[in-house]
Amino acid sequence: MSIESDDLPGWNIFARELASLLAKRKLRLGHLNDRAGIHPQKVSRLQRSLREPKFSVLSPTDLEKVQRAFTFSYEEMLRLRAAILATAIEEILMSRINLQDAYIAAQQIFPTLLQAVGKGASYPSGMGAIKGIAPVLDIITEDARLEDLLDQLDVALLHLYLASGVSPDRQLR
């Protein structure tokens, strides 16, 4: 199922927020490749995730590249981190409820997450300070047989971001 751009601004809240920040600079997601060194397939997956309920996000390393390349402010990076959380919630909800309802719920919680991430930014760990996450291997391929593997990587990245906000003694083992 895909949505029309007139219906909703994009399935993937992270990709939408990133596109919005780039648009303020009169740029598009396509500029991630040549200006930040993000692989073209990752860029393509982000673009596609605006039209389809797919949840591509950038690895912490790639997010740092983007921050440096486009000189995103502290507040803009907090916005992207909150968007990662909202995207993770949306992905979880979509496996449990109607797609449109999951999208609406994630949209509604995004401002609350943004506020919470801003408050937590002064803590040495968690979503406010995403540093220290082990780099994820970048799986780059144009082979359609690996599309499912890339989808699993996207889900794993979302879960990695979610887990980084929980103290080690509270994580499920």
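Residues numbered from 1 in each chain as written. Predicted model: local features only at pLDDT ≥ 70, side-chain atom pairs only at ≥ 80, totals over all residues. Heavy atoms only, no water.

Caption draft 1: Main features of the environment of Leu-21. With respect to the secondary-structure elements, Leu-21 resides in helix H1 (residues 13–23). Residue Leu-21 is classed as buried on the basis of its relative accessible area of 2%. Linking Leu-21 and Arg-79, residues 58 residues apart in sequence, is a C-alpha distance of 9.5 Å. Residues in contact with Leu-21, not counting those within four places in the same chain, are Phe-72, Glu-76 and Leu-80. (Helix = DSSP H or I, 4+ residues; strand = E, 2+ residues; numbered from the N terminus. Buried < 20%, exposed > 50% of the residue type's maximum accessible area, 1.4 Å probe, protein only. Contact = heavy atoms within 4.5 Å.)

Caption draft 2: The packing of H1 against helix H5 (residues 74–94), seen in detail. Following both chains from N to C, one finds H1 and H5 inclined at 155°, their axes separated by 7 Å at the closest point. Taken together, the axes of H1 and H5 are roughly antiparallel relative to one another. Of H5, the residues touching H1 (which contributes Ile-13, Phe-14, Glu-17, Leu-18 and Leu-21) are Glu-76, Arg-79, Leu-80, Ala-83, Ile-84, Ala-86, Thr-87 and Glu-90. (Axes fitted to C-alpha atoms, helices over the stretch in contact; angles between N-to-C directions. Parallel < 35°, antiparallel > 145°, perpendicular 65-115°, else oblique.)

Caption draft 3: Structural detail: the packing of H1 against helix H3 (residues 40–51). For the pair H1 and H3, interaxial distance at closest approach is 8 Å and the crossing angle is 110°. Looking at the two axes, H1 sits roughly perpendicular to H3. Of the residues in H3, those touching H1 at Phe-14, Ala-15, Arg-16 and Leu-18 are Leu-46, Ser-49 and Leu-50. Of the residues that constitute the contact of H1 with H3, the class distribution is five nonpolar, one polar and one charged. (Nonpolar A, V, L, I, M, F, W, Y, C, P; charged D, E, K, R; others polar.)

Caption draft 4: The nonpolar core, seen in detail. In terms of nonpolar packing, the biggest core is built from 41 residues, with Phe-14, Leu-18, Leu-32, Val-66 and Phe-72 touching the most fellow members. When contributions to this core are tallied by element, the ones reaching two or more residues are H1, helix H2 (31–36), H3, helix H4 (60–70), H5, helix H6 (99–120) and helix H7 (147–164). With 10 residues, H5 is the single largest residue contributor to this core. In this structure, Phe-14 is in contact with Leu-46, Ser-56, Val-57, Leu-58, Leu-63, Leu-80, Ala-83, Ile-84 and Thr-87, ignoring residues within four places of it in sequence. (Core = buried A, V, L, I, M, F, W, Y, C linked by side-chain atoms within 4.5 Å.)

Caption draft 5: Region of the structure containing the confidence of the model for the protein. With 71% of its residues at a pLDDT of 70 or more, the protein shows a mean pLDDT of 76. Per-residue pLDDT, averaged within each element of the protein, yields its smallest value for H7 (71) and its largest for H1 (94). Taken together, the stretch residues 123–142 has pLDDT below 50 and engages in 40 contacts with residues farther than four places along the chain or on a different chain. Every residue in residues 166–173 is under pLDDT 50, and counting partners more than four places away or in other chains gives three contacts. (pLDDT = per-residue confidence, 0-100.)

Caption draft 6: Molecular detail of the pattern of salt bridges. Following the criterion strictly, the structure yields six salt bridges and no others. Glu-52 is the salt-bridge partner of Arg-48, the closest N and O atoms lying 3.5 Å from each other. Note that Lys-65 is salt-bridged to Asp-62, the shortest N-O span being 3.7 Å. Of this pair, Lys-65 and Asp-62 both sit in helix H4, separated by three residues, roughly a single helical turn. In this structure Asp-62 comes out as buried when scored by relative accessible area, which is 2%. One connected set of salt bridges, linked through shared partners, spans Arg-16, Glu-17 and Arg-79. (Salt bridge = Lys/Arg side-chain N within 4 Å of Asp/Glu carboxyl O.)

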